[in-house]
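# Coordinate inspection notes
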Amino acid sequence: MNAFPAGDALVRRDLSHLWHPCTQMHDHQTVPMVPIARGEGAWLIGTDGRRYLDGISSWWTNLFGHAHPRLAGALAEQARTLEHVIFAGFTHEPAVALAEELVRVTPPGLERVFYADNGSAAIEVALKMSFHYWLNQGHGEKTRFIALTGSYHGETLGALSVSDVALYRKTYAPLLLTPILAPSPDAYEAQPGEDPAAVARRRLDDLRALLERHAHEVCAVIVEPLVQCAGGMRMYHPDYLTGLRALCDAFGVHFIADEIAVGFGRTGSLFACEQAGVSPDFMCLSKGLTGGFLPLSAVLTTPRVYEAFYAEYSAGKAFLHSHSYTGNPLACRVALETLRIFRDEPVLERNRGLASHLAARLAPLRDHPHVADVRQTGMIAALELVADKAGRQPFPAAERRGLRVYLHGLENGALLRPLGDVIYFMPPYVITPQEIDHLVDTAVAGIAQAVSR
Ligand SMILES: *Cc1c(COP(=O)(O)O)cnc(C)c1O
């Protein structure tokens, strides 16, 4: 690690005062803090000139590269025009134009847009709106939510309540609502002889059984469509979403699609729900919404939900959830420009080529003695690193094998940030095939180091 000068002034100032997310700060006694000066395309450039290929789109936010000139230009122009205005009683062009565009590009039926300023806040909005819809319909007994095992929906208390990743949840469990957990259709958990569609069918049967018992007290089922990202990039068959839509209709509960990570082309289609041909009752968007420039989120819902709140003031049915920066013009303007890039450029078509190159480069790893699974959905690919391939036995978590891959990546110009021992790739869409080669080569060498000793 002496390749990273501990004496770097910026790092010293950082470690004197800052507290970073998802970090045991003590780790920075040995793990380098990486000071970044600027970004350019798929690359991050350190204060010392070192370059890191951003293989994880800076926590899945970036779509078209860092410091994208078109997005930067739109932001600068908006900043000189209107930076912010209260969004209760007031409105502005970027918020309206973005809402129109979101309604146009999302699955049919989603016609109403509520803004918030990060992914977790969008989940809070969707949960409260679903509950409040049923209350306004005279069903105040519906107070619970069904979530999938291995799900992640954010880390504020409501969003964490419907999440099932122990690392984030366990400590705070005493503070949380208790969701009803339905087993995930995760294809990695297939039984012998089952293909992903068969896993989806079996898990739909499980969900049906839960709904038979609990539908009367349930507001909504919340899922991450196609890929459970923070839970380890676990992937499942679109039939599950088709079946979920039918079950929600049959049992009178809402379907909340959390497309915060998978939206905006990550899975191959603009939205993951499209691959199942379904429209949810609520769709949560954030992360790629602004191309990775600014925090913003949106919850889209149906006229039916909206109308359940629309009444005389005295009826007391209004939805109550307000953030100071709701509908921020800067963020809305950049999001609108992001959608215009999708409109003007063949993004999804280009991604198909990149995704198949990535697939071809990862295919040989299926024979690797410590890789139990190679899976991919569009521009998301993941490898499951294990101690024993035949028994799919993981390495003891305390050995932190994935961390070794991360460190190897930093030393070799690649930002790979495994989720435990799941090594994954979720690059910006401007990555080139040669850059994909660099990412994969670095990961393969990192894995070789991580599994030795
Ligand atoms: C990241 C994420 C969230 C939370 O978004 P934040 O902006 O980090 O609060 C929610 N759901 C999913 C699926 C995510 O990946």
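Residues numbered from 1 in each chain as written. Predicted model: local features only at pLDDT ≥ 70, side-chain atom pairs only at ≥ 80, totals over all residues. Heavy atoms only, no water.

### Quick word on the overall build of the protein
On a plain count of helices and strands, the protein comes out with 14 helices and 16 strands. Here the protein has a C-alpha radius of gyration of 22 Å; the compact-globule value for 453 residues is 22 Å, and the two agree. A buried classification covers 54% of the 453 residues belonging to the protein. Restricting the contact set of the protein to residue pairs at least 6 apart, pairs at least 24 apart contribute 70%. Total accessible area on the protein is roughly 19,800 Å²; 56% of this is exposed by carbon and sulfur atoms. (Helix = DSSP H or I, 4+ residues; strand = E, 2+ residues; numbered from the N terminus. Rg over C-alpha atoms; globule rule 2.2 N^0.38 Å. Buried < 20%, exposed > 50% of the residue type's maximum accessible area, 1.4 Å probe, protein only. Contact = heavy atoms within 4.5 Å. Areas by Shrake-Rupley, 256 points an atom, 1.4 Å probe, with all protein chains shown as cover.)

### Here we look at unusual backbone geometry
Its identity is not glycine, yet phenylalanine 264 carries a phi of approximately 60°, on the positive side. Mapped onto the elements, phenylalanine 264 comes out in the loop between strand S10 (254–258) and strand S11 (282–285). Among the residues examined, phenylalanine 264 registers a relative accessible area of 0% and is labelled buried. Unusually for a residue other than glycine, lysine 287 sits at a positive phi of about 40°. Residue position: lysine 287 is located in the loop between S11 and strand S12 (297–301).

### Some words on the environment of glutamine 29
Mapped onto the fold, glutamine 29 is located in the loop between helix H1 (9–17) and strand S1 (36–40). Judged by its relative accessible area of 65%, glutamine 29 falls in the exposed class. Sequence spacing of glutamine 29 and leucine 15 is 14 residues, and the spatial spacing of their C-alpha atoms is 10.0 Å.

### Description of the packing of helix H3 (residues 69–79) against helix H11 (residues 329–344)
Where H3 contacts H11, the axes come no closer than 9 Å and their chain directions differ by 145°. Crossing angle aside, the handedness with which H3 passes H11 is right-handed. Contacts between H3 and H11 pair Arg70, Leu71, Ala74, Leu75, Gln78 and Ala79 from the former with Pro329, Leu330, Arg333, Val334, Glu337, Thr338, Arg340, Ile341 and Asp344 from the latter. Among the residues making up the contact of H3 with H11, the classes are represented as 8 nonpolar, 2 polar and 5 charged. (Axes fitted to C-alpha atoms, helices over the stretch in contact; angles between N-to-C directions. Left-handed = near helix turned anticlockwise from the far one by under 90°. Nonpolar A, V, L, I, M, F, W, Y, C, P; charged D, E, K, R; others polar.)

### Brief notes about the site of the ligand
Around the ligand, a shell composed of Trp60, Asn118, Gly119, Ser120, Tyr152, His153, Gly154, Glu224, Asp258, Ile260, Ala261 and Lys287 is seen. Here an oxygen atom of the ligand sits 2.8 Å away from a polar atom, N or O, in the main chain of glycine 119. Here a nitrogen atom of the ligand sits 2.6 Å away from a polar atom, N or O, in the side chain of aspartate 258. Bound to the protein, the ligand loses 83% of the 380 Å² it would expose on its own. Taken together, the residues that form the shell around the ligand break down as 4 nonpolar, 5 polar and 3 charged. (Near = heavy atom within 4 Å. Polar contact = N/O pair within 3.5 Å; in protein donor to acceptor, adjacent residues only side chain to side chain.)

### Focus on the packing of helix H8 (residues 196–214) against helix H9 (residues 239–251)
One way to put it is that H8 packs onto H9 with a least axis distance of 9 Å and a crossing angle of 20°. For the element pair H8 / H9, the angle class is roughly parallel. In terms of crossing hand, the pair formed by H8 and H9 is right-handed. Across the interface between the two elements, Ala197, Ala200, Arg203, Leu204, Leu207, Arg208, Leu211 and Glu212 from H8 touch Asp239, Tyr240, Gly243, Leu244, Leu247 and Phe251 from H9. (Parallel < 35°, antiparallel > 145°, perpendicular 65-115°, else oblique.)

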